[in-house]
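Architecture and fold: a report
Each chain, written out:
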Amino acid sequence: MVTGVTLTGGKEVVGLWAGQGGEGAKFWMSVLTDLRNRGVKDVFFVVCDGLKGLPEVVANAWPQAIVQTCIVHLIRNTFHLASKRDWDALKRDVKPIFTAVNAEAARAALDELADKGGKRYAAVIRLWENAWTEFIPFLDYDLEIRKVICSTNAIESLNARYRRAVKARGHFPTEQAALKCLYLVTRSLDPTGTGRTRWAMRWKPALNAFAITFGDRFPAAETY
């Protein structure tokens, strides 16, 4: 499932695809090609969490798109790799990394954590090192942009609803029947529109920041 946020701030489920047991580069290339062929001409950010093959093929669909890892998931995984008795200290040491003013400051904070933690935080350091290329784009942008691209929680919330719906039905006679079930779940979201209104208000500061940062790619107001 892929969700997107339009320039007007509208959240949309732009597609549902049935996988064939894997999510490699070939699968994601077919998904992105489908979205491009259906009219998604440009994308500022593609935010994902450890999806193998996706970062490698984004440039083929949208050459200027920036691949950004989910910061919230990165932080959660950090604590999963550390003993609970170290969480308070680790929280203080990790915060300067993802709140740094730029990539250089973040690198210095990570190096400081490595020096301080040694073998105790070896797995944590390796986690951040492996995610570094997709982590640092986040640091180049205004705080309002950081707020809206730091997490894939909107996708995770919808995935949870999908899982509940599938589990309640047990099995499906065809792939099409399963996709229809997920489609109906999608259509049932936010029936009163209050969630959409709340999000639209939060979106305004980010919209202004996007307009300034991506001015050469930002369409005139009357076109969106």
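Throughout what follows, the structure given in this document is the object of discussion. Keep in mind the model is a prediction, meaning the values are calculated, not measured. (Residues numbered from 1 in each chain as written. Predicted model: local features only at pLDDT ≥ 70, side-chain atom pairs only at ≥ 80, totals over all residues. Heavy atoms only, no water.)

Another point: the packing of aromatic side chains. Applying the stated criterion across every chain yields a total of 14 aromatic pairs. The interplanar angle of 85° and the centroid separation of 5.1 Å between the aromatic rings of F45 and Y141 together place this pair among those described as edge-to-face. Residue F45 is found in strand β3 (residues 45-48), and its partner Y141 is found in the loop between α6 (122-135) and α7 (143-149); the two are separated by 96 residues along the sequence. Accessibility expressed as a relative area gives 12% for F45, which makes it buried. Connected via pairs of aromatic rings, a cluster forms that spans F44, F45, Y141, W203, F210, F214 and F218. Geometry around Y121 places R120 over its ring, the cationic atom sitting 4.9 Å from the centre. Over the ring of F138 we find R146, and its NZ or CZ is 5.2 Å from the ring centre. (Phe/Tyr/Trp six-rings, centres within 6.5 Å; stacked < 30°, edge-to-face > 60°. Helix = DSSP H or I, 4+ residues; strand = E, 2+ residues; numbered from the N terminus. Buried < 20%, exposed > 50% of the residue type's maximum accessible area, 1.4 Å probe, protein only. Lys NZ or Arg CZ within 6 Å of the ring centre and 35° of its normal.)

Considering only enclosed or pocket space, the second largest pocket measures out at about 320 Å³ in volume. As for the second largest pocket, its lining consists of 20 residues, of which G50, T69, N130, A131 and E134 are closest to the centre. Taken together, the residues of the lining of the second largest pocket sort by class into nine nonpolar, six polar and five charged. (1 Å grid on protein atoms, 1.4 Å probe; cavity = no way out; pocket = protein on both sides within 12 Å on 5 of 7 lines; lining within 4 Å. Points joined across faces, edges and corners; volume = space filled by probe spheres on them. Nonpolar A, V, L, I, M, F, W, Y, C, P; charged D, E, K, R; others polar.)

Further remarks concern the pairing of strand β1 (residues 2-5). Where β1 lies against strand β2 (residues 11-15), four bridges are found, and the strand directions are antiparallel. Among the inter-strand pairings, T3 is bridged to a residue of β2, identified as V13. Counted between consecutive antiparallel strands, the loop separating β1 from β2 contains five residues, among which G9 sits at a positive phi close to 95°. (Pairing = 2+ DSSP bridges.)

One finds F45, L90, I97, L113, W128, F135 and F210 to be the most contacted residues of the largest nonpolar core, which totals 38 residues. Listing elements by their share of this core, those giving two or more residues are α3 (71-80), α4 (87-98), α5 (103-117), α6, α7 and α10 (194-213). When residues of this core are assigned to their parent elements, the largest contribution, seven residues, is made by α6. Discounting chain neighbours no more than four positions away, the residues touching L90 are T78, F79, A82, L113, Y121 and V124. (Core = buried A, V, L, I, M, F, W, Y, C linked by side-chain atoms within 4.5 Å. Contact = heavy atoms within 4.5 Å.)

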